[in-house]
Amino acid sequence: MRTLVYTHEACLAHDPGGYHPESPERLRAILAALSAPEFAALERRAAPRADLAAIARVHPGDFAERLLAAVPRSGQIALDADTVLSPGSGEAALRAAGAAIAAVDAVIAGEAKNAFCAVRPPGHHAEPSRAMGFCLFNNIAIAAQHARWVYGLARVAVVDFDVHHGNGTQAAFEDDASLLYASTHQSPLYPGTGAASETGVGNILNVPLAPMSGSREFRRAFEDAILPALDRFRPELLLISAGFDAHRDDPLAQLMLVEADYAWVTGELLAVAGRYALGRVVSSLEGGYDLAALAASAAAHLGKLMAA
Ligand SMILES: [Zn+2]
């Protein structure tokens, strides 16, 4: 069965500034890699805008309205030292969250076995009431809640292999035993959360990795902790916060993964989804800041998704 790719040109118009690592060139690099002949079978779809009601399942009250109202007509507005709004940011953020929602709709409808959201801004640092860390809306958490509330799924898991801890996803999930959040990330590193002692209601699994950890430590984290936890949880849908900044070439962190590690972990997660979730996987782009490593790692990830 096919693999879908959701993206939108609006995601290229979010411009945090010429020297910002979270640049439109990241998405261009991935889309260029996916134009190679081996990806011809991907079905590409335009990401719709997320409904504000879907966003509000994670970001309560008028958070989304206020963020969209803060988008400047020209120039840029910094929400914090890392997180910047440009005139295109509101539309990009709505399409990024909408991609993950539409991908969930498609895999639950059986239109595809799995889907990848090639979008930006990323989402996993966005807390329920705070945009931060390059992230505006928490795309993957919004998708998880959409699956819970629209389709009544009893258990949804998010696996996050971005090099940074997804503090926002953890904050959104930590009181809800129907949602599992499992993360590998470098520690110490931004945002400083993600200790193994942070366990929520038994539904948060953090596996911090020391700087310079590589394939062996990463795979051990999955084999010893995350994959067994997924087997105990038995998710009905598996979501992936797919950041590729744990690659050894990435300039923002010091883990030492290579493309083969992303292929490996994707295969392992597809196997989990095959056991409990009818194979249903939705993956959404988070970080990854070396353009060549990002494109090659995303291609390795997509290659496995397509082979499922
Ligand atoms: Zn990251």
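That block above? That's the structure.
These remarks concern the structure in this document. It should be emphasised that the depicted structure is a prediction, and the values quoted were computed from it without experimental measurement. (Residues numbered from 1 in each chain as written. Predicted model: local features only at pLDDT ≥ 70, side-chain atom pairs only at ≥ 80, totals over all residues. Heavy atoms only, no water.)

Taken as a whole, this structure holds seven aromatic pairs when the rule is applied. Through a chain of ring-to-ring contacts, the aromatic side chains of Phe161, Phe244 and Tyr262 assemble into a single cluster. (Phe/Tyr/Trp six-rings, centres within 6.5 Å; stacked < 30°, edge-to-face > 60°.)

Below, the discussion takes up the pairing of strand S9 (residues 237-242). Burial within S9 is extensive, with six of its six residues counted as buried. Here S9 shows a buried face lined by Leu237, Leu239 and Ser241 and a second buried face lined by Leu238, Ile240 and Ala242. Pairing geometry for strand S6 (residues 156-160) and S9, over five bridges, is parallel. Bridge pairing in S9 links Val159 to Ile240. (Buried < 20%, exposed > 50% of the residue type's maximum accessible area, 1.4 Å probe, protein only. Helix = DSSP H or I, 4+ residues; strand = E, 2+ residues; numbered from the N terminus. Pairing = 2+ DSSP bridges.)

The subject of this paragraph is the coordination of the zinc ion. The zinc ion binds to the protein through Asp162 (OD), Asp162 (OD), His164 (ND1) and Asp245 (OD); the donor distances cover 2.0 to 2.7 Å. Each of the four donor atoms bound to the zinc ion contributes to angles spanning 53 to 154°, and the resulting shape is irregular. Considered as a linear motif, the donors of the zinc ion on their single chain read D-x1-H-x80-D. Highlighted residues: His164 in the loop between S6 and helix H6 (167-173) and Asp245 in the loop between S9 and helix H8 (259-276), separated in sequence by 81 residues. Grouping residues by exposure puts His164 and Asp245 together as buried. (Donors = N, O, S within 2.8 Å, 3.2 Å for Na, K, Ca; no water. Tetrahedral: all angles 85-135°; square planar, octahedral: opposite > 155°, others 65-115°.)

To continue, consider the environment of Ala298. Within the element layout of this structure, Ala298 appears in helix H9 (residues 291-307). Ala298 sits in the buried class, given a relative accessible area of 1%. Residues in contact with Ala298, not counting those within four places in the same chain, are Ile30 and Phe244. (Contact = heavy atoms within 4.5 Å.)

With 13 residues, helix H5 (residues 139-151) extends 17 Å from end C-alpha to end C-alpha; this agrees with the ideal 18 Å at 1.5 Å per step. A large share of H5 lies buried, amounting to ten of its 13 residues. Within H5, burial applies to Asn139, Ile140, Ala141, Ile142, Ala143, Ala144, Gln145, His146, Ala147 and Arg148. Phi turns positive one or two residues past the end of H5, at Gly152, with a value near 70°. (Expected span 1.5 Å × (residues − 1).)

A surface patch of nonpolar side chains, about 320 Å² in accessible area, is lined by Trp149, Val150 and Tyr151. Looking at where Val150 falls in the secondary structure, it is placed in helix H5. Classification of Val150 as partly exposed rests on a relative accessible area of 42%. (Patch = residues over 30% accessible without salt bridge, like charges linked within 9 Å, V, L, I, M, F, W, Y side chains within 5 Å. Areas by Shrake-Rupley, 256 points an atom, 1.4 Å probe, with all protein chains shown as cover. Salt bridge = Lys/Arg side-chain N within 4 Å of Asp/Glu carboxyl O.)

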